[in-house]
Amino acid sequence: MKLKYFLLAAVAMVTVACSEDDLESESIFHDNAVVEQNDFDRWLKVNYVDSFNIMFKYKFEFKESDKDYNLAPADYDKAVALAKLTKYMWLESYKSVMGLDFIRTYCPKVMHLVGSPAYNEDGSIVLGTAEGGMKITLYNVNNLDLDKLDLELLNRWYFHTMHHEFAHILHQTKNYPTEFNEVTKDSYQSNSWVNLKDSVTAWQMGYITPYASMETQEDFVEILSTYITSTQAYWDYVLERADPSWLDKSGHSLMEEYASFTVGVNGKQAITQKLEIVREWLKTAWGVDIDDLRAEVLYRSQHFRELDLKDISIKEDK
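Residues numbered from 1 in each chain as written. Predicted model: local features only at pLDDT ≥ 70, side-chain atom pairs only at ≥ 80, totals over all residues. Heavy atoms only, no water.

**Section: the nonpolar core**
- Counting 86 residues, the largest nonpolar core has F40, W90 and F166 as its most contacted members.
- Tallying contributions element by element places helix 2 (residues 76–98) first for this core, with twelve residues.
- Contacts of F40, omitting those with residues within four sequence positions, involve F56, Y58, Y76, A79, V80, A83 and I312.
- Listed in part, the five residues of the second largest apolar core include L71, V114, V126 and Y139. (Core = buried A, V, L, I, M, F, W, Y, C linked by side-chain atoms within 4.5 Å. Buried < 20%, exposed > 50% of the residue type's maximum accessible area, 1.4 Å probe, protein only. Helix = DSSP H or I, 4+ residues; strand = E, 2+ residues; numbered from the N terminus. Contact = heavy atoms within 4.5 Å.)

Given below as structure tokens:
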């Protein structure tokens, strides 16, 4: 599976191509290679490799990078900060709800940092990729402002990417109900989703994000990843604007080329129905209450500023 986040005309967008993978709980990392270790390397060995069976790569490696782009390495201090943020906000959220063995088995095995975005010829910017259920690359690391971290940007650049990708791994391991595919079956846009830049139009069509309108599997994981990273206030805001009655009161105009897809559709009902299918699948297939997972993610989203993002003492984090 390969996922890319794009920033196009100041709107964050995502594309993914997916394939199923065999996942093993046994560690894939061995201590055969001899490399010089610094304090951060030792912290990563304890907190990522030993704890979660994940290799965290922050030093620029040409073989790990997309050769189609001119890329810059991640700054050391920002790599340290993102490693600590990722552990606290993403990995430990799932560990708390699903357990350590679950994370060691199903999480991607490599996390790779790149300092710069990857710029495309059409003006879009790749912010993240995920490949084969095994590796996640996070771009734009050097744009982190360590003195003023913004939760919305952290989610857009990094954490929504990881939740989205992990949801793909879960549904490829245990299929979701095919009834999900029928809810808005006549309005999926395939690659034309990139033209749907108006979120309200997407909501009115029954999609939680414009990218969700690409196809059913992306719709499924966008519902899950958006719900667990959204406050109830934001979710209510979306549902209010997804209801056809809101248009009459607001005077908002839908994108003309997509207005026909909203005829006879109640976007609020469609999004709600999709969420309930995701909720039931997560509970039945994995024994997880989506609201428990959401509560853990949101709690950590409110407390990440309490972390010391410079301290890499092993005793503290072991």
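Structure shown, so let's carry the discussion forward.
**Thoughts on the packing of helix 7 (residues 232–242) against helix 9 (residues 267–286)**
- Their axes nearest at 7 Å, the elements helix 7 and helix 9 cross at an angle of 135°. Classed by the angle they form, the pair helix 7 and helix 9 counts as oblique. Within the contact between the two elements, helix 7 uses W235, V238, L239 and A242 and helix 9 uses G267, K268, I271, T272 and L275.
- Across the contact of helix 7 with helix 9, the residue classes tally to six nonpolar, two polar and one charged. (Axes fitted to C-alpha atoms, helices over the stretch in contact; angles between N-to-C directions. Parallel < 35°, antiparallel > 145°, perpendicular 65-115°, else oblique. Nonpolar A, V, L, I, M, F, W, Y, C, P; charged D, E, K, R; others polar.)

**Topic: helix 2**
- The end-to-end C-alpha separation of helix 2 is 31 Å, in line with the 33 Å expected for 23 residues at 1.5 Å each.
- Along its length, helix 2 reaches its greatest deviation from straightness, about 35°, at L91.
- Of all the 23 residues making up helix 2, 18 are buried; the element is thus mostly covered by neighbouring parts of the structure.
- Once helix 2 finishes, G99 follows within two positions and takes phi at roughly 100°, a positive value. (Expected span 1.5 Å × (residues − 1). Bend = angle between axes of the 7 residues up to and from the residue.)

**Topic: the packing of aromatic side chains**
- Inspection of the entire model under this criterion finds 24 aromatic pairs.
- With a centroid separation of 4.7 Å and an interplanar angle of 85°, the aromatic rings of Y94 and F166 are classed as edge-to-face. Here Y94 is found in helix 2, whereas its partner F166 is found in helix 4 (residues 151–173), with 72 residues between them in sequence.
- Note on F166: relative accessible area 1%, which makes it buried.
- Relative to Y106, the ring of F102 lies with its centre 4.9 Å away and its plane at 50°, an arrangement referred to as tilted. With F102 and Y106 both in helix 3 (residues 100–106) and four residues apart, the pair spans about one turn of that helix.
- Overall, Y106 belongs to the buried group, its relative accessible area being 18%.
- Each residue in the set F40, W43, Y48, F56, Y58 and Y76 is aromatic and connected to the rest through ring pairs, giving one cluster. (Phe/Tyr/Trp six-rings, centres within 6.5 Å; stacked < 30°, edge-to-face > 60°.)

**Focus: the pattern of salt bridges**
- For the coordinates displayed, the defined rule picks out eleven salt bridges.
- The salt bridge involving E182 is made with K185; its shortest N-O contact spans 3.5 Å.
- The exposure class assigned to E182 is partly exposed, which follows from its relative accessible area of 46%.
- R279 serves as the salt-bridge partner of E276, at 3.3 Å between the closest nitrogen and oxygen. Here E276 pairs with R279, and both are found in helix 9, just three residues apart, close to one helical turn.
- Of the residues examined, R279 reaches a relative accessible area of 21% and is grouped as partly exposed.
- Each of the salt bridges in this network shares a partner with another, and the network as a whole consists of K87, E92, E296 and R300. (Salt bridge = Lys/Arg side-chain N within 4 Å of Asp/Glu carboxyl O.)

**Considerations on the pairing of strand 6 (residues 125–131)**
- Of all seven residues making up strand 6, six are buried, and the element is well covered by its neighbours.
- Taken together, the two bridges between strand 5 (residues 118–119) and strand 6 define a ladder with antiparallel strand orientation. Residue A118 lies in a different strand from strand 6, and its bridge partner there is V126.
- One ladder, built from four bridges, connects strand 6 with strand 7 (residues 135–138); its direction is antiparallel. Note on strand 7: the bridge partner recorded for A130 is I136. (Pairing = 2+ DSSP bridges.)

**Description of the pairing of strand 7**
- The two faces of strand 7 match: K135 and T137 on one face and I136 and L138 on the other face are all buried.
- Sheet topology places strand 4 (residues 110–113) next to strand 7; four bridges connect them, and they run parallel. The residue bridging M111 from the neighbouring strand is I136, located in strand 7.

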